[in-house]
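# Survey of secondary and tertiary structure
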Amino acid sequence: EAGVAQSPRYKIIEKRQSVAFWCNPISGHATLYWYQQILGQGPKLLIQFQNNGVVDDSQLPKDRFSAERLKGVDSTLKIQPAKLEDSAVYLCASSVTAGGAYNEQFFGPGTRLTVL
Amino acid sequence: AQSVTQLDSQVPVFEEAPVELRCNYSSSVSVYLFWYVQYPNQGLQLLLKYLSGSTLVKGINGFEAEFNKSQTSFHLRKPSVHISDTAEYFCAVSENTGGFKTIFGAGTRLFVKA
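Rules used in this analysis
- Residues numbered from 1 in each chain as written.
- Chains lettered and ligands numbered in written order.
- Predicted model: local features only at pLDDT ≥ 70, side-chain atom pairs only at ≥ 80, totals over all residues.
- Heavy atoms only, no water.
- Helix = DSSP H or I, 4+ residues; strand = E, 2+ residues; numbered from the N terminus.
- Rg over C-alpha atoms; globule rule 2.2 N^0.38 Å.
- Buried < 20%, exposed > 50% of the residue type's maximum accessible area, 1.4 Å probe, protein only.
- Pairing = 2+ DSSP bridges.
- 1 Å grid on protein atoms, 1.4 Å probe; cavity = no way out; pocket = protein on both sides within 12 Å on 5 of 7 lines; lining within 4 Å.
- Points joined across faces, edges and corners; volume = space filled by probe spheres on them.
- Contact = heavy atoms within 4.5 Å.
- Buried area = accessible area lost by both parts, 1.4 Å probe.
- Salt bridge = Lys/Arg side-chain N within 4 Å of Asp/Glu carboxyl O.
- Polar contact = N/O pair within 3.5 Å; in protein donor to acceptor, adjacent residues only side chain to side chain.
- Nonpolar A, V, L, I, M, F, W, Y, C, P; charged D, E, K, R; others polar.
- Axes fitted to C-alpha atoms, helices over the stretch in contact; angles between N-to-C directions.

It is worth spelling out the overall build of chain B at this point. When helices and strands are counted, chain B shows 0 helices and 12 strands. Element order for chain B, N to C, with α for helix and β for strand: β-β-β-β-β-β-β-β-β-β-β-β. Over its C-alpha trace chain B gives a radius of gyration of 14 Å, about what one expects of a compact globule, namely 13 Å for 114 residues. With the principal axes as the frame, chain B shows a C-alpha extent of 45 × 30 × 20 Å. Within the span of chain B, comprising 114 residues, buried residues form 51% of the whole.

Spelled out as structure tokens, the structure:
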């Protein structure tokens, strides 16, 4: 079974530039998550999708961050414009469903973003 | 809203010694509890989870954790660690309601010395 795929693995941009990250979850997983992991901290949930609907985006800085999962499969996360404090690893995860016995989250390798 | 506190940011231990990584949580509703491990330059991997039933949960790589509802704790233990256990360990809690949002602790870096 293929795991969660993310690209790119690394990205370096100047502040005020735009950047996009892509995630392909495990086939059949209805729930998809985007996390931001700043160095030395635990992952922080940015947005959670159930199929192609948003379940939680309470911690997404909506003035600069956007995410979509149009066909309920892969997803993109965009930052426009980027700030220095956006430097972090962006993790994508998926699970069969959000609650119950099938809520184990499978994580991708992450995208390390450096904003200069 | 739920929260998670990992009481130790770093835990150095000698190889073959026992280890305990501490995790406390707070929530007004019932929760699911998880421990994830992150090896250098890799994504997170589930070690074990508590959903319901027996409070002692066994996971991969010889790890186990005990859910203590009265103390709102979910400490991770291993009786004998190996060099290969050196990694970052994250405790996480998901409320058993609504969107089942997951909150992660800040992590504990386990460093196993020869």
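Looking along a regular strand, one sees side chains alternate from face to face of the sheet. Residues and elements named next belong to chain B. Most of strand β10 (residues 87–95) sits out of view: 9 of its 9 residues are buried. Of the two faces of β10, the one carrying Ala87, Tyr89, Cys91, Val93 and Glu95 and the one carrying Glu88, Phe90, Ala92 and Ser94 are both buried. With 8 bridges joining them, strand β5 (residues 31–38) and β10 adopt antiparallel strand pairing. Residue pairing for β10: Val31 is matched across the bridge by Glu95. Here 3 bridges tie β10 to strand β12 (residues 108–113), and the two strands are oriented antiparallel to one another. Bridged to Ala87 within β12 is Leu110. With 3 bridges connecting them, β10 and strand β11 (residues 102–104) associate as antiparallel partners. Of the residues in β11, the one forming a bridge with Ser94 is Thr102. Linking β10 back to β11 in an antiparallel pair, the connection comprises 6 residues, with Gly98 at a positive phi of about 60 degrees.

Computed from the structure, the largest pocket encloses a volume of approximately 580 Å³. Looking at the largest pocket, it is lined by 29 residues, and the ones nearest its centre are Gln37, Leu39, Val89 and Arg112 of chain A together with Gln38 of chain B. The set of elements that each furnish at least two residues to the lining of the largest pocket consists of β9 (88–95) and β11 (111–115) of chain A together with β10 of chain B. At 4 residues, the largest contribution of residues to the lining of the largest pocket is made by β11 of chain A.

Further remarks concern the interface of chain B and chain A. Opposite the 18 residues of chain B that make contact, chain A presents 25 residues. Taken together, the two surfaces of chain B and chain A that pack against each other cover about 1600 Å², and 51% of this comes from carbon and sulfur. The largest per-residue losses of area from chain B upon contact with chain A belong to Leu44, Lys101 and Phe104 of chain B, which jointly make up 29% of the total buried on that side. Our count for the chain B to chain A interface comes out at 0 salt bridges. Across the contact surface, chain B and chain A share 4 residue pairs in polar contact (both at pLDDT 80 or more). Here the side of chain B that touches chain A takes 4 residues from β5 of chain B, the largest share from any one element. Partitioning the side of chain B that touches chain A into residue classes produces 10 nonpolar, 6 polar and 2 charged.

Residues and elements named next belong to chain A. Taken in spatial order, the 4 strands make up an open sheet running β1-β3-β8-β7, and their pairing is antiparallel. A strand with exactly one partner marks an edge of an open sheet, and here the two such strands are β1 (5–7) and β7 (65–68). The average angle at which neighbouring strand axes cross in this sheet is 15 degrees, direction not considered. Where β1 and strand β3 (residues 19–24) come together, 3 bridges link them in antiparallel fashion. In the strand pairing of β3, Ser7 is matched with Trp22.

Residues and elements named next belong to chain A. Of note, the amide linkage connecting Ser7 to Pro8 takes the cis form, showing an omega dihedral of -10 degrees. Mapped onto the fold, Pro8 is located in the loop between β1 and β2 (10–13). With an omega of -5 degrees, the peptide bond between Gln80 and Pro81 qualifies as cis. By the element assignment, Pro81 lies in the loop between β8 (75–79) and β9. The backbone of Arg16 sits at a positive phi, close to 80 degrees, despite the residue not being glycine.

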